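Okay, here's what each chain looks like letter by letter:
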Amino acid sequence: MTAAVELLDVVKTYEGPPPVQALDGVTLRIEHGELAAVVGPSGSGKSTMLHVMGTLDRPTSGRVLIDGHEVSSLGDRRLSAVRSQLIGFVFQQFFLVDGATAIDNVANGLLYRGVAPAERRQRAAEALIAVGLGHRLTHLPNQLSGGERQRVAFARAIVNRPAIVLADEPTGNLDSNASDAILDLIRQLNEAGSTIVVITHDREVAGSLPRQIAVRDGRIDHDAATRVAAVER
Amino acid sequence: MTATAAGSGRRRTPERLGPSRLRPGDVVAVGASGLTTRKTRTVLSALGIALGIAAMVGVLGISESSRADLRDQITALGTNLLTVTPTGGFGGGDGALPAEAQAKVSRIGPVERVADVVELDVAVLRNDLVNENETGGITAMAAHLDLLTTLNGELAFGSWLTEASAAVPTVVLGSVAAERLGVIEVDQGMMLLIGGEWFTVIGVLEPFPLAPDLDRGALVGQPIAESLVVGAAAAETSSVDTSLEAPVGELSPSAIYLRTDPSQIDAVRGVLGSTVDPQSPDEVSISRPSELLEAQEATESAFTNLFLGLGAVSLLVGGVGIANVMVIAVIERRNEIGLRRALGATRPHIRRQFLTEALLLSALGGAAGVAIGVAVTALYAGSQGWRIVVPPLAMIGGFGAALAIGAVAGLYPAMRAAGLAPTEALRSS
Ligand SMILES: Nc1ncnc2c1ncn2[C@@H]1O[C@H](COP(=O)(O)OP(=O)(O)OP(=O)(O)O)[C@@H](O)[C@H]1O
Ligand SMILES: [Mg+2]
């Protein structure tokens, strides 16, 4: 059976100087339909691990499989295809395009799939409605609150209905109300079938999720895997 | 595609993924989005290119309009005019052609029209109080009645000489002569003192581009001129010794103008010398005035080259400006590049985005430059009364040059943007 994400003895060393071994032999398997939290102290390698899972970075050694695709055997073009079709990203800093409206920012999530502009906007509007921003379609990012911006970024990540969503501290810049709204969206999305990995500093948030992966010094320190039944359709 | 992979992880082999795809229309839209969000910067960096292109298109347009005007003149004046004048210098004789030359030339077959003029050695004065030395470079000339038609000349106002008026003291002034004498109309019955006799001004001519010497002339009829010369000779009995070559009462032409069958010009040119002066054909000089204008048309003025050079330098500076702006854009928009890579953009997609942005920027500058260049040409040509001619090649070439500069200037920044590793691009600044 194919896992959503599989890391086998993954090592990632940043060429220095001085060289930093950010991942030091990580083996990890995340099944389709899982919802996992990644926790650990600052500098422990959480973001590095997420980037490797998302094919944004290649490991120095070890194997990475995304829905069965062997990352090391794929060139830049194929990796880009993996990202555009299988993976959605949510970042702590949102990374919205300043000059574009909410709907256009979300539509960018379909830009590299070759979807026609009209359909992109249609689906972007649906995604924004799904995250509760139906009344903010034509607002610019600087006209939105932090929580609303992250919801726009979330809509952009899911507009393409990716199998896997990777979120790097999505609530890191938000107050507790806005954080709760984002976490609700994450749970809903997981219930609908998506595989989700969330990096968080918040122990409480991590504890509320079905699985916690603790990282320390580039190694898996503790993995409280709670198998959830895959949601069949 | 079938139901999303979510929750159904039972496949043994991974599904083959289609490549990331960016539609051509979206390439343009994405390239343009970078420009519309930074409007001031866009306008300023496009301006550098625009000035360079405007300078080049304007200079080429102005010089082409001026040439077109010259060409129009040449066409209007005809290229089949030949001028016969005496050769100066050693053995150049008395600076006159044989008296019977006009009649001989008119007997050459392909010659369609002939007219001669005779310079008269008499003063032209506004009144009898003016000193004889102050004639203002105006020459009295006896003109053949066919002179005006032979030269395709035109009257500014008044009338040309006729059989009747050529025999009485009437005068028609060349354009420069009229200006020097302050003649602006003929109704007032203005009189000039020519060779001691009063002449009535009956007409003023437009300039003769093919025979500028005539512009300084005060043209009188040949019959009245003969009597003037006879009168002058009678008064100065001491000058009888020149009568060997030009007997008194016979006028020796100082220039003969002729029109030929256009296909026979060279043939006529070949026989003219010996026809006019069989004894010494090399004392006769033959010219084709339209050739001078044609040569003038072919010359590039020094100004044209200077401005073209300035335009090229400005274009180069504009190109460097675009490269600079694009490098800054790539640095500033690192996060955007990282995000696009996370959304599935390939390296070629990113490269294309920034190259398109540079090309759009330079196309904007190029289009504005061509427009300004055409406007400048129109203004200048209009002020000179020329036809407005902007060579299409200058417009296409100007726009093309702008695009080429944009491509070159955008290449390095685009490569840099595409070469950025996604994680590096996503790191917060
Ligand atoms: N591009 C890089 N070059 C060199 N070292 C790097 C680079 N990126 C990360 N590192 C180092 O790798 C280690 C792991 O970094 P990483 O960003 O994965 O940590 P993290 O767990 O996400 O930390 P935080 O919770 O602060 O975000 C750190 O020591 C960091 O300094
Ligand atoms: Mg991190």
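Just so we're clear, the structure is a prediction, and the values are computed from it rather than from any experiment.

What follows concerns the overall build of chain A. On a plain count of helices and strands, chain A comes out with seven helices and 10 strands. Since a compact globule built from 233 residues should have a radius of gyration of about 17 Å, the 17 Å found for chain A is in line with a globular shape. Its C-alpha atoms give chain A principal-axis dimensions of roughly 45 × 45 × 40 Å. Taking all 233 residues of chain A together, 58% fall into the buried category. A sequence separation of at least 24 residues applies to 69% of the contacts in chain A between residues at least 6 apart. Summed over its atoms, the accessible surface of chain A is roughly 9,500 Å², and 48% of this surface lies on carbon and sulfur atoms. One way to put it: in chain A the 24 positive side-chain charges average out to a point 5 Å from where the 27 negative ones average out.

Along the polypeptide, Pro59 of chain A turns up in the loop between helix 1 (46–53) and strand 4 (61–66). Considered as a pair, Pro59 of chain A and Gln21 of chain A are 38 residues apart in the sequence and their alpha carbons are 11 Å apart.

Attention now goes to the interface of chain B and chain A. Taken together, the contact between chain B and chain A spans 39 residues of the former and 45 residues of the latter. Taking both partners together, chain B and chain A bury about 3,700 Å²; carbon and sulfur atoms supply 55% of that area. Where chain B packs against chain A, one counts three salt bridges. Where Arg120 of chain A meets Asp26 of chain B, a salt bridge forms, and the shortest distance between an N and an O atom there is 2.6 Å. In this assembly, chain B and chain A are joined by 12 residue pairs in polar contact (both at pLDDT 80 or more). Those elements that provide at least two residues to the side of chain B that touches chain A are helix 1 (24–36), helix 10 (334–342), helix 11 (347–384) and helix 13 (422–426) of chain B. At six residues, the largest contribution of residues to the side of chain B that touches chain A is made by helix 10 of chain B. Across the side of chain B that touches chain A, the residue classes tally to 14 nonpolar, 13 polar and 12 charged.

Here is what the cut-offs are and how they apply
- Residues numbered from 1 in each chain as written.
- Chains lettered and ligands numbered in written order.
- Predicted model: local features only at pLDDT ≥ 70, side-chain atom pairs only at ≥ 80, totals over all residues.
- Heavy atoms only, no water.
- Helix = DSSP H or I, 4+ residues; strand = E, 2+ residues; numbered from the N terminus.
- Rg over C-alpha atoms; globule rule 2.2 N^0.38 Å.
- Buried < 20%, exposed > 50% of the residue type's maximum accessible area, 1.4 Å probe, protein only.
- Contact = heavy atoms within 4.5 Å.
- Areas by Shrake-Rupley, 256 points an atom, 1.4 Å probe, with all protein chains shown as cover.
- Lys, Arg positive; Asp, Glu negative; His and termini not counted.
- Charge placed at Lys NZ, Arg CZ, Asp CG, Glu CD.
- Buried area = accessible area lost by both parts, 1.4 Å probe.
- Salt bridge = Lys/Arg side-chain N within 4 Å of Asp/Glu carboxyl O.
- Polar contact = N/O pair within 3.5 Å; in protein donor to acceptor, adjacent residues only side chain to side chain.
- Nonpolar A, V, L, I, M, F, W, Y, C, P; charged D, E, K, R; others polar.

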